[in-house]
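Architecture and fold: a report
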Amino acid sequence: MMSQAPFSRATSNDPDAALPKSEIRTAVSFLLFVHFFALAIGVVGTERPSELTSALAQVPGVKQYREGLMMNIPYTFYLTRGMVGGELDIDHQLVATVKQKDGKEVVVQVPEPGTWPSQRLHRYQTLARNVAIFADEAMGSPEHLGLLVQAISRGILSENNGQSLQLRCVGRLTLPAMAEFDPDNESQRVRYRDAYTGSAFLTDDDRVELIKKDPARDTAPPPKDAASKDTAPAAAGTVSPPNDN
Amino acid sequence: MFATVSDYFSAVTDHIGKAWNRFWFLPTDPLTLSVIRVLAGVIAFYTVLTFTADLTTLFGPQGLLGLENISRMQEPAYFSFSYFWLFDDPAQLQIAHWIGLTVLGMFTLGLFTRVTSVLSLIVTLAYFHRGFPLISEMEHVLAFVMFYLCLGPSGEYFSLDRLLHKRRSPPPSTVGVTLAKKQPVGHWSATVALRLIQVHLTIVYFMMVVAQLREDTWWDGTAVWWLAGRQDSSMIDISFLHSVPYLINLWTLGFVVFEICFGALAWNKLLAPLMVVLSVFAWVSVGLITGMLPFAAIMIVAGLAFLTPSSMRTMLETIGLKQQSQPAV
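Starting from 1, residues in each chain are numbered consecutively following that chain's sequence as written. The order in which chains are written sets their letters, starting at A; the order in which ligands are written sets their numbers, starting at 1. Totals for whole chains, interfaces and linings use all residues, but because this is a predicted model, local features are given only for residues with pLDDT of at least 70 and pairs of side-chain atoms are given and counted only at 80 or more. Based on all heavy atoms of the structure, the side-chain values leave hydrogens and waters out of the count.

As for a nonpolar patch on the surface
Together, B:Met1, B:Val5, B:Tyr8 and B:Phe9 give the surface a local cluster of nonpolar side chains, amounting to about 490 Å² of exposed area. Each helix is a run of DSSP H or I of at least 4 residues and each strand a run of E of at least 2, with the numbering of both proceeding from the N terminus. Following the sequence through the fold, B:Tyr8 ends up in helix α1 (residues 2-25). Nonpolar side chains (Val, Leu, Ile, Met, Phe, Trp, Tyr) within 5 Å and like charges within 9 Å form the patches, drawn only from residues with over 30% relative accessible area and no salt bridge. Using a 1.4 Å probe, the Shrake-Rupley method yields the accessible areas, and only the shown protein chains count as cover for residues. By convention in these notes, a salt bridge is any Lys or Arg side-chain nitrogen within 4 Å of a carboxyl oxygen on Asp or Glu.

Points about the interface of chain A and chain B
The criterion used for residue contact is that any of the two residues' heavy atoms lie within 4.5 Å. Contact residues are listed per partner, giving 86 residues for chain A and 95 residues for chain B. Around 8200 Å² of area is buried between chain A and chain B when both sides are counted, 63% of it from carbon and sulfur atoms. The interface formed by chain A and chain B contains six salt bridges. Residue B:Asp232 pairs with A:Arg172 through a salt bridge whose shortest N-O separation is 2.7 Å. Polar contact criterion, stated in full: a pair of N or O atoms within 3.5 Å, where within protein one must be able to donate a hydrogen and the other to accept it, and residues adjacent in sequence count only if both atoms are side-chain atoms. Taken together, the links from chain A to chain B amount to 34 residue pairs in polar contact (both at pLDDT 80 or more). The leading source of residues in the side of chain A that touches chain B is helix α4 (residues 118-135) of chain A, at 13 residues. Throughout this entry, Asp, Glu, Lys and Arg are counted as charged residues, while Ala, Val, Leu, Ile, Met, Phe, Trp, Tyr, Cys and Pro are counted as nonpolar. The remaining residues, Gly among them, count as polar. Here the residues of the side of chain A that touches chain B sort into 47 nonpolar, 22 polar and 17 charged. Buried surface area refers to the total accessible area, computed with a probe of radius 1.4 Å, that the two partners give up upon joining, counted for both partners together.

Quick word on unusual backbone geometry
Between A:Val110 and the following residue, A:Pro111, the backbone shows a cis peptide bond with an omega angle of -5 degrees. With respect to the secondary-structure elements, A:Pro111 resides in the loop between β2 (105-110) and α4. Of note, the bond from A:Trp116 into A:Pro117 is cis; its omega dihedral lies within 30 degrees of zero at -5 degrees. The phi torsion at A:Asp206 lies on the positive side, around 65 degrees, for a residue other than glycine. Looking at where A:Asp206 falls in the secondary structure, it is placed in the loop between β4 (192-202) and β5 (208-212). Not every positive phi belongs to a glycine, and B:Phe112 is a case in point at roughly 50 degrees.

With respect to the pairing of β4(A)
All names here are of chain A. Within β4, ten of the eleven residues are buried, which leaves it mostly tucked inside the rest of the structure. Pairing between two strands is assigned when DSSP locates at least 2 bridges connecting them. In the sheet, strand β3 (residues 162-172) pairs with β4 via nine bridges, with the strands oriented antiparallel. Bridging across to β4, valine 170 finds its partner in aspartate 194. Between buried and exposed lies partly exposed: a residue is buried under 20% and exposed over 50% of the maximum accessible area for its type, with that area taken using a 1.4 Å probe on protein chains only.

Quick look at the packing of helix α13 (residues 272-290) of chain B against helix α14 (residues 293-303) of chain B
Relative placement of two packed helices is described by the angle separating their axes and the distance separating the axes. Residue and element names in this part refer to chain B. Two elements in contact, α13 and α14, have axes separated by 8 Å at closest approach and are oriented at 170 degrees. If you check the angle between α13 and α14, you find them roughly antiparallel. Two secondary-structure elements touch here, α13 through Val276, Ser279, Val280, Trp283, Val284, Gly287 and Leu288 and α14 through Leu293, Phe295, Ala296, Met299, Ile300 and Gly303. Its residues assigned to classes, the contact of α13 with α14 shows ten nonpolar, three polar and no charged. For helices, the fitted line uses only the C-alpha atoms of the stretch in contact; every axis is such a line through C-alpha atoms, and the angle between N-to-C directions lies from 0 to 180 degrees. Roughly parallel refers to an angle under 35 degrees, roughly antiparallel to one over 145, roughly perpendicular to one between 65 and 115, and oblique to any angle outside these ranges.

If you want it as structure tokens, here you go:
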């Protein structure tokens, strides 16, 4: 936080007279250069870093400054790439079929349809999209995928008194291109694809083990409303009317 | 010859130095910064408030983002500043959450603004760092706006600080000041804060345009269709526009042109109000079709930094906030 330095009021003839003292300007100018250096490294050195920008990004102090203030991104918010089915361009949802300790099954959706306000819906969609991205063959990271899915599985199992679960990350494809869109064809609105499927179970020492963590690229049948296999009480707002795949 | 070259470079450095000083340090009335504080504070408060129902579900000991796994997802040397890394007990989470909301509420209302602005930055970053698999565009923009608000006197207007100051101050007559001569008091730190928002936002617009123009959909005018085609997140159904592709094309290309124009023309004092008004229409429309209204809101709010205090005052007076936008004695 900057302290307010004394300055003289601007006059119509000499606006420079209103400037803060020279020492203050020098110090702040130096900080501004450091700030914009850090910002520039974040912008040009994140997406396709050169060796130089990669090295500069690790400069002690600048690295922590960028990361702490979340300036380590290139701000390339393209909003859409228009890639039909591309993980970055579709909405995702996690669908877990949980086998509870008493043998019953419940289906949990994250985000639950109708989640309100939209900020929460968007937040959970982002979580699901991260699973899809980590599972993606081109962009993915198996290590991150395992850690994230393990954490999510633990959360779902815990909230639903579950023993094991099957987890799907389902992407809802966008509407087809304008020229192909037929408003009378409802099937065009409900096209889904699994970005990831896996299973997890709770061990005796309360750890969560993933027993399958392969990305699944095939088109899956769209979830359809079905009668609940069980009427167990909903836990923490994550249990929704189940979909049966 | 040498003297001529020397004089030339001397003139250049002198000119650049003066321009630099005026750009960054010429005192500004912090009215615009104060308005941004209120609006960004509301967005930050809302963002954190929406964590209330999910706090334990996300950050609790058995949460979807359990401490152990999520911390291992970050590289070991990553500087992730969040007090939520220190505990995951539901009761402690709730206490920290409500304290954070109180701080953000105080900041938005302008109470002890110099202190609460810094604390608010810490609070918002704490959620974003801890819940990094949940964040998207909005959080990054909100983070830098909140940071820059710490640098200037953002509590000079529309604040409880101002109200308390007025009550504590002696009547104007006792200090020899007449209300008729009341003038806005400029602050150089307000200029620094506003300029930083302006420059940073221009970079964001520039990078957005660069990113979008690498994609075919933004060139062929179909991007808005693909955005609206994400049925789970889109807040309005515009699929009926499939039969009027020209409109979709116009909407898409209009948004790109707006982004280019905003980055370039908002720097012009005369055109800045027009650009801000256009940004409301552009971002609300995109916010509705993408479902990212908070992102749209923070882009509009950050864009207000381009308004001069006089433009802002005129705007506030038109919506009936003349008294609040007058400078304090």
